[in-house]
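# Fold and geometry: a report
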Amino acid sequence: MKLQVQRVCVSIGSTPILRDVDLDVAPGEVVGLIGPNGSGKSTLLRTIYRSVRPSSGHVLLGGEDVWSLSARAAARRTAAVLQNSPTPPGLTVREVVALGRTPHKGVFDRESAEDHDIVEDALTRTGVLGHADRIYGSLSGGEKQRVLLARALAQQPQLLVLDEPTNHLDIRARFELLELVHTLGVTTLAVLHDLDLAVRSCDRLAVLDRGKVVATGPVLDSLTPQVLSGVFGVTAETERHDDGVVRVTYGARPLAGVG
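A brief look at the structure comes next. (Residues numbered from 1 in each chain as written. Predicted model: local features only at pLDDT ≥ 70, side-chain atom pairs only at ≥ 80, totals over all residues. Heavy atoms only, no water.)

## Details of the packing of helix α5 (residues 141–154) against helix α6 (residues 171–183)
Just so we agree on the cut-off: The angle between two axes is taken between their N-to-C directions and runs from 0 to 180 degrees, where each axis is a line fitted to C-alpha atoms and a helix contributes only its stretch in contact. The secondary structure listing takes helices from DSSP runs of H or I that are at least 4 residues long and strands from runs of E that are at least 2 residues long, numbered from the N terminus. In what follows, roughly perpendicular refers to angles from 65 to 115 degrees, roughly parallel to angles under 35, roughly antiparallel to angles over 145, and oblique to any angle outside these ranges. A crossing counts as left-handed when the near helix is turned anticlockwise from the far one by less than a right angle, and as right-handed when that turn is clockwise. The contact criterion used throughout is that any non-hydrogen atoms of two residues lie within 4.5 Å. All amino acids are sorted into three groups, where Ala, Val, Leu, Ile, Met, Phe, Trp, Tyr, Cys and Pro are nonpolar, Asp, Glu, Lys and Arg are charged, and the leftover types, Gly among them, are polar.
Contact geometry for α5 and α6: axes closest at 10 Å, N-to-C directions at 15°. With respect to α6, the element α5 is oriented roughly parallel. Between α5 and α6 lies a crossing whose hand is right-handed. Touching Gly142, Gln145, Arg146 and Leu149 of α5 are Ala173, Glu176, Leu177, Leu180 and Val181, all from α6. Residues that form the contact of α5 with α6 fall into these classes: 5 nonpolar, 2 polar and 2 charged.

What follows is the structure, given as structure tokens:
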């Protein structure tokens, strides 16, 4: 399902955080949201999954403003995997993933056969079915991220938003997680700090700087030497290598403006 962010502004007190942000994510596309610390990336995600209400503008999912929906209806459409997501202690992996069914159930509803099948499918697709009976807190960082992704899939969302999903993971776990996201076929917007992972793993990039989208599009078009220098302060370029992979190549003097 298509995500459209239209002229979204967010302020905290008198301080503007987002300024007239426009962004489209096509159905099934994985878009990386990148930018320096403090550029507004996490705030934009929070606006999309209804944690921070915009002061103006619209967030549309499938043409419908997410802020016109009830919290329950919005949770059926959008799933978020956040840094340090709180999880009740002592739950097994299967119980954590089953929490993703909450938006689809009434207060007194029990798990149905359909719920069970959806949870089992989410466990299988994310490769954690073998850990289903383990206590969530006993898992490694990479395993926990897979479980949180499985919980999000159990929501059966039309949009997946990820806030630094590879944070604190080793390099193998980072690649595995982002490759997994690409196989899901769910419209995805992911905040990523690692530029090398972003250019390798995303269909398109959106670059935020001081609350505004300053570049968006395919990797080679959006992350130009000018953007790398002006936004990130480094001398570098992106190029597609013979193996088809796009990589960031830094200059001998990587800091822009340093003589």
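## Some thoughts on the side chain of Ser222
Note the following rule: Buried, partly exposed and exposed residues are distinguished by accessible area as a fraction of the type maximum, computed with a 1.4 Å probe on protein chains only: under 20%, between the cut-offs, and over 50%, respectively.
Note on placement: Ser222 falls in helix α8 (residues 219–222). In this structure Ser222 comes out as buried when scored by relative accessible area, which is 1%. With sequence-adjacent residues up to four places away left out, Ser222 is seen in contact with Leu205, Val207, Ala215, Thr216, Gly217 and Val227.

## Side note on the packing of aromatic side chains
What counts here: Stacked, edge-to-face and tilted are the three classes for Phe, Tyr and Trp ring pairs, Trp counted by its six-membered ring, which pair at centre distances within 6.5 Å; planes under 30 degrees apart are stacked, over 60 edge-to-face, the rest tilted. By definition here, charges over rings are those cases where NZ of Lys or CZ of Arg is within 6 Å of the ring centre and within 35 degrees of the ring normal.
Applying the stated criterion across every chain yields a total of 0 aromatic pairs. The aromatic ring of Trp67 is capped on one face by Arg50, whose charged end is 5.1 Å from the ring centroid. Residue placement shows Lys144 over the ring face of Tyr136; its charged tip is 5.7 Å from the ring centre.

## Notes on the side chain of Ser201
On the secondary structure map, Ser201 appears in helix α7 (residues 195–201). Looking at Ser201, the relative accessible area reads 11%, which means it is buried. The contact partners of Ser201, leaving out residues within four places of it in the chain, are Val30, Leu178 and His182.

## Comments concerning the pattern of salt bridges
What counts here: Salt bridge, as applied in this entry: a Lys or Arg side-chain nitrogen positioned within 4 Å of an Asp or Glu carboxyl oxygen.
A full pass over the atoms with the stated rule returns 14 salt bridges. Linking Glu120 and Arg94 is a salt bridge whose minimum nitrogen-to-oxygen distance equals 2.9 Å. One end of the pair, Glu120, is in helix α4 (residues 113–125); the other, Arg94, is in helix α3 (residues 93–98), with 26 residues separating them in the sequence. The salt bridge partner of Arg172 is Glu176, with a shortest N-O separation of 2.9 Å. With Arg172 and Glu176 both in helix α6, this residue pair falls 4 residues apart, about one helical turn. Assessed through its relative accessible area of 59%, Arg172 is described here as exposed. Each of Arg94, Glu120 and Asp133 takes part in salt bridges that share partners, so that together they form one network.

## A closer look at the sheet that holds strand β1 (residues 3–12)
This is how it is decided: Two strands are said to pair when DSSP picks up at least two bridges between them.
Taken in spatial order, the 4 strands make up an open sheet running β2-β1-β4-β5, and their pairing is antiparallel. One side of each edge strand has no neighbouring strand; the edge strands of this open sheet are β2 (15–25) and β5 (64–65).

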